[in-house]
Amino acid sequence: MTTSGGPVPIDQFQRDHIVRSLDDTLFVEAGAGTGKTSALVSRVVALIESGRCAIDKLAAITFTEAAASELR
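Model, not experiment: these values are computed from the prediction.

Cut-off values and rules
Residues numbered from 1 in each chain as written. Predicted model: local features only at pLDDT ≥ 70, side-chain atom pairs only at ≥ 80, totals over all residues. Heavy atoms only, no water. Helix = DSSP H or I, 4+ residues; strand = E, 2+ residues; numbered from the N terminus. Rg over C-alpha atoms; globule rule 2.2 N^0.38 Å. Buried < 20%, exposed > 50% of the residue type's maximum accessible area, 1.4 Å probe, protein only. Contact = heavy atoms within 4.5 Å. Areas by Shrake-Rupley, 256 points an atom, 1.4 Å probe, with all protein chains shown as cover.

Asks: Explain the overall build of the protein chain to me, please; I cannot follow it from the model alone.
Replies: Helices and strands together make up the secondary structure of the protein chain, namely three helices and zero strands. Radius of gyration (C-alpha) of the protein chain: 12 Å, near the 11 Å computed for a compact globule of 72 residues. Overall, the C-alpha framework of the protein chain stretches about 35 × 25 × 20 Å when taken along its three principal axes. The proportion of buried residues among the 72 residues of the protein chain is 22%. Put simply, 37% of the contacts in the protein chain that link residues at least 6 apart link residues at least 24 apart. Looking at the protein chain as shown, the accessible area adds up to about 5,500 Å², and 56% of this sits on carbon and sulfur atoms.

Asks: Please explain the environment of G51 as it appears in this structure.
Replies: Within the element layout of this structure, G51 appears in the loop between α2 (36-49) and α3 (65-71). The class of G51 is exposed, set by a relative accessible area of 60%.

Structure representation (structure tokens):
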């Protein structure tokens, strides 16, 4: 996940790790509004694009209606 022209977040390495480490099981913990759902969406897209997972074989769990809507 990259930023578009703005400052690079201090945790960009960790954000990239979420998207690129597709063979790892990860637990992501961060405060509200920090981009957890965006990172999860990017990871799901990367899994599908890489051929490692088909959309009909994937389950993603989140804890808010807003995040579930973003995942859809």
